[in-house]
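Coordinates in review
So the chains spell out like this:
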Amino acid sequence: MTDCRICGSPIAPFMTFGQMPVANGFLLPEQFDSEYFFELAPAFCSACNILQIIDQPDPSKMFHENYAFFSRTSKYMQDHFAKFAAKVCGSHLTDYDDPFVVELGSNDGIMLQNFADAGIRHLGIEPSENVAEIARGHGVNTISDFFDEMVADRLIAEHGLADVVLSANVMCHIPNLNSVASGIAKLLKPSGVLIFEDPYLGDIIKKTSYDQIYDEHVFVFSATSVANAFAPHGLKLVNVEPQKTHGGSMRYTLALDTRQQTSTAVTNCLARETKLGLSSAATFERFRENCETSRHRLTRLLGKFRDENRRVVGYGATSKSTTVMNYCSIGPDHIEFVSDTTPAKQGKFTPGTHIPVKPYQDFISDYPEYAVLFAWNHKLEIIAKEDAFRQSGGQWIEFIPSVCIS
Ligand code: DWN
Ligand code: SAH
C-alpha cells in the first residue's frame with residue numbers, strides 16, 4: 001500500500017510486470033553488471049481515477065544528456081506537430097499582439113520549430129540536454145530544466161506570462177504533477193490555456209497496449225482523471241480531441257478562466273468513460289488477464305520460431321519494447337537484433353534483455369524471415385515504406401492489439 005501521487009489516497013498495485021530496467025537505458029556490455037532495475041507495478045486510484053505506477057526511477061536516471069529518444073525520427077509525427085502548431089496559432093493566438101508559447105518537454109524542437117519559423121515568441125523546457133541542444137540548432141529557444149512550480153516562478157520573472165502552455169507525451173512523465181499544475185496555473189495569463197496530449201487510457205485498455213506502461217510513463221490519463229487532477233489548481237477541462245498518434249491519444253484543453261464552457265466532447269467523453277468502466281476494478285482485472293494472455297501467445301510464437309531456427313529481428317528499439325521484452329522474457333536467442341534509425345541506440349544493447357541494436361541498413365541489406373513490429377504505433381508509416389521486405393517474403397509479427405503474423 002502506498003499513497004496516490006495526486007490525491008494522497010491509499011493505492012495498491014493490481015498487477016506487476018516484474019523487474020524492469022530504464023526503458024531508454026540502451027547500454028554496452030561493460031555496463032550489464034551494474035544495470036539498474038525496479039519493479040514495474042501499476043495501480044489505479046479509485047478516489048481520483050488516475051492510473052499510475054507505484055515505483056518510478058528518479059527522473060535524473062531517465063532524462064539526461066544521453067537521452068535516447070529523438071522526436072524527429074518519425075515523419076508522421078513531424079506532420080502531426082506541424083498541424084498541432086497550426087491549430088494552436090489559428091485558435092488561440094490570433095487575439096494577441098506578441099503571443100508567448102511555452103512547451104514542456106520540447107525534445108528536439110519538433111513542435112516548437114513551427115512557432116519559431118512563424119516568428120512567434122516561444123520557449124521550450126527540456127531537461128534532456130542532448131535533445132535540447134538539437135532544438136537550439138533548429139532555432140528553438142530552449143532551457144534545460146525539469147518543469148515544476150519553482151521553474152514556473154523563474155520563467156515568469158524572466159519572460160512574463162504565457163498565452164498557451166503546450167506539451168505532448170510529457171505530462172504523463174512527471175511524477176510531481178501537482179507542482180507542475182500549480183506552476184502552469186501561475187504561468188498562464190488569465191485568458192490562457194494549457195493544451196496537452198498523451199496516450200489515452202481508453203485505447204490502452206481496449207488494445208491491451210500494456211507496453212505504454214514503462215518507467216517514463218508514471219501516469220496514464222483519461223478525461224476523468226485529467227479533470228480531477230487539474231481542477232484543484234484552477235484549471236478546467238474544456239475540450240478533448242482524440243488523436244491517432246502513439247496508438248491512440250487524447251488532446252486535453254484546460255482553461256484558467258473557469259467561466260469557459262465545457263464542450264459537448266468533454267461531457268460525452270466523461271460519460272463514455274463511465275460506461276466503459278474506466279474507473280472500475282473489474283476493468284483492470286480484465287486488463288491484467290489480457291496482458292498475461294498476450295504474453296503467453298507472443299512467448300509461445302517466438303519460442304517456436306527459435307526452435308525452428310527462423311531468422312527473427314525486431315523493428316524499432318522503442319521505450320515500449322523494453323516492457324514487452326522484459327515482461328515476455330524475449331532475448332537474443334529469440335531476436336537476432338533490433339533495427340533502429342537512431343544513431344545513439346545503434347551499437348548498444350536493449351535494456352534488460354541485451355539484444356544488439358543495429359542500424360536500419362542491417363535490416364534492408366539482408367531481410368529476415370520475420371520482423372517484430374515493436375514500433376507498432378508507427379505502423380502506417382512503416383508498412384508504407386517496407387514494401388520490399390514483404391516482397392522478399394518477409395512477414396511482420398504484431399502483438400498489439402493481439403498477437404498475429406501479417
Ligand atoms: O512518450 C514517449 C514517446 C513520445 O517517445 C517517450 N517516453 C519516449 C518515446 O517512446 P518510444 O521510444 O516508445 O517512441 P516511438 O516513437 O514508438 O519510437 C520509435 C523508435 O523506432 C525510435 O527509436 C525510432 C525508431 N524508428 C525506426 O527505426 N524506423 C521509427 C520509425 C518511424 C522508423 O521508420
Ligand atoms: N514532446 C516530445 C518528446 C516526448 S518524450 C514528443 O512528443 O515527441 C518526453 C520528454 O519529456 C523528454 O524529452 C524528457 O526529457 C521530457 N521531460 C521529462 N520530464 C520533464 C519535466 N519535468 N519537464 C519538462 N520536460 C520533461
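On a predicted model such as this, the values are computed, not experimentally measured, just so you know.

For the rest of this paragraph, the subject is the site of ligand 1. Taken together, 24 residues form the shell around ligand 1, and within it Glu216, Lys320, Lys345, His378 and Lys385 come nearest. A distance of 3.0 Å is found between an oxygen atom of ligand 1 and a side-chain nitrogen or oxygen belonging to histidine 217. In this structure, lysine 345 approaches ligand 1 through a side-chain N or O atom, which is 2.7 Å from an oxygen atom. Expressed as a share of its isolated accessible area of 710 Å², the protein-covered part of ligand 1 is 97%. Considering each element in turn, the shell around ligand 1 owes the most residues, three residues, to helix H13 (residues 379-385). Grouping the amino acids of the shell around ligand 1 by side-chain chemistry returns six nonpolar, 12 polar and six charged. No fewer than three residues from each of domain 1 (71-279) and domain 2 (298-405) sit in the shell around ligand 1.

A word on helix H9 (residues 264-276). Taking 1.5 Å per residue as the helical rise, H9 with its 13 residues ought to reach 18 Å, and the 18 Å between its terminal C-alpha atoms agrees with that figure. Here H9 has its buried residues at Val266, Cys269 and Glu273. The buried residues of H9 occupy an angular sector of 65° when the element is viewed end-on, so they sit on one face. Of the residues in H9, the exposed ones pointing more than 90 degrees away from the buried face are Thr264, Thr274 and Lys275. On the buried face of H9, the contacting elements are helix H8 (223-230), strand E13 (236-243) and strand E14 (249-255). Glycine 277 sits one or two positions beyond H9 and adopts a positive phi of about 75°.

Moving on, we come to the site of ligand 2. Inspection of the region around ligand 2 gives 19 residues, with Ser71, Glu126, Ser128, Ala168 and Asn169 positioned closest. Asparagine 107 places a polar side-chain atom, nitrogen or oxygen, 3.1 Å from an oxygen atom of ligand 2. A distance of 2.5 Å is found between an oxygen atom of ligand 2 and a side-chain nitrogen or oxygen belonging to glutamate 126. For ligand 2, the accessible surface in isolation is 570 Å², of which the surrounding protein chains cover 96%.

The next point concerns the nonpolar core. Phe230 and Tyr252 are the most contacted members of the largest nonpolar core, which totals 101 residues. With seven residues, the single largest contributor to this core is helix H10 (residues 281-307). Leaving out residues up to four positions away in the same chain, phenylalanine 230 has contacts with Met171, Leu177, Ala181, Leu194, Phe196, Leu235 and Leu254. In terms of nonpolar packing, the next biggest core, distinct from the first, is built from 22 residues, Met77, Leu112, Val140 and Ala168 among them.

What follows concerns the domain arrangement of the chain. Along its sequence, the chain is carved into domain 1 (71-279) and domain 2 (298-405). Once you take the C-alpha centre of each, domain 1 and domain 2 turn out to be 31 Å apart. Every contact between the two is made by 15 residues of domain 1 and, on the other side, 15 residues of domain 2. Surface buried jointly by domain 1 and domain 2 totals about 1300 Å² across both partners, of which 60% is contributed by carbon and sulfur atoms. Here domain 1 and domain 2 share zero salt bridges between them. Taken together, domain 1 and domain 2 are joined by six residue pairs in polar contact (both at pLDDT 80 or more). For the side of domain 1 that touches domain 2, the residue count by class is five nonpolar, seven polar and three charged.

Relative to the helices and strands, serine 225 is located in helix H8. Discounting residues that sit within four places of it in the chain, serine 225 has contacts with Cys48, Asn49, Ile50 and Val220.

Our next topic: the pairing of strand E11 (residues 188-199). Taking burial as the measure, the 12 residues of E11 include nine buried ones, the bulk of the element. One crossover worth recording links strand E10 (residues 162-168) to the parallel E11 by way of helix H6 (residues 177-187), and it is right-handed. Pairing geometry for E11 and E14, over seven bridges, is antiparallel. Bridge pairing in E14 links phenylalanine 196 to tyrosine 252.

A word on the environment of serine 9. Mapped onto the elements of the fold, serine 9 is located in the loop between strand E1 (2-3) and strand E2 (10-11). Linking serine 9 and cysteine 45, residues 36 residues apart in sequence, is a C-alpha distance of 7.2 Å. In this structure serine 9 touches Thr2, Asp3, Cys4, Cys45 and Ala47, once residues within four positions along its chain are discounted.

A sheet is described by the order of its strands in space; here three strands give the open sequence E5-E6-E12, paired in antiparallel fashion. Each end of this open sheet is capped by a strand with a single partner; those strands are strand E5 (42-44) and strand E12 (219-220). Pairing between E5 and strand E6 (residues 51-53): three bridges, direction antiparallel. By the bridge assignment, proline 42 is partnered in E6 with isoleucine 53.

Evaluation of the coordinates by the stated rule reveals 22 aromatic pairs. Between the aromatic rings of phenylalanine 32 and phenylalanine 349, the centroid separation amounts to 5.6 Å while the plane-to-plane angle is 85°, which identifies the pairing as edge-to-face. With phenylalanine 32 in the loop between strand E3 (19-20) and strand E4 (38-39) and phenylalanine 349 in the loop between strand E16 (338-339) and strand E17 (357-358), this pair connects stretches of sequence that are 317 residues apart. Among the aromatic residues, ring-to-ring pairing joins Tyr315, Tyr360, Phe363, Tyr367, Phe389 and Trp396 into one connected group. Directly above the aromatic system of tyrosine 36 lies the positively charged group of lysine 61, at a separation of 4.5 Å from the ring centroid. For arginine 251, the ring lying beneath its charged end belongs to phenylalanine 84, and the centroid distance is 3.7 Å.

Definitions and limits used
- Residues numbered from 1 in each chain as written.
- Chains lettered and ligands numbered in written order.
- Predicted model: local features only at pLDDT ≥ 70, side-chain atom pairs only at ≥ 80, totals over all residues.
- Heavy atoms only, no water.
- Near = heavy atom within 4 Å.
- Polar contact = N/O pair within 3.5 Å; in protein donor to acceptor, adjacent residues only side chain to side chain.
- Areas by Shrake-Rupley, 256 points an atom, 1.4 Å probe, with all protein chains shown as cover.
- Helix = DSSP H or I, 4+ residues; strand = E, 2+ residues; numbered from the N terminus.
- Nonpolar A, V, L, I, M, F, W, Y, C, P; charged D, E, K, R; others polar.
- Domains from an automatic or database assignment.
- Expected span 1.5 Å × (residues − 1).
- Buried < 20%, exposed > 50% of the residue type's maximum accessible area, 1.4 Å probe, protein only.
- Arc of directions from axis to C-beta.
- Contact = heavy atoms within 4.5 Å.
- Core = buried A, V, L, I, M, F, W, Y, C linked by side-chain atoms within 4.5 Å.
- Buried area = accessible area lost by both parts, 1.4 Å probe.
- Salt bridge = Lys/Arg side-chain N within 4 Å of Asp/Glu carboxyl O.
- Right-handed = clockwise from strand over helix to strand, strands pointing away.
- Pairing = 2+ DSSP bridges.
- Phe/Tyr/Trp six-rings, centres within 6.5 Å; stacked < 30°, edge-to-face > 60°.
- Lys NZ or Arg CZ within 6 Å of the ring centre and 35° of its normal.

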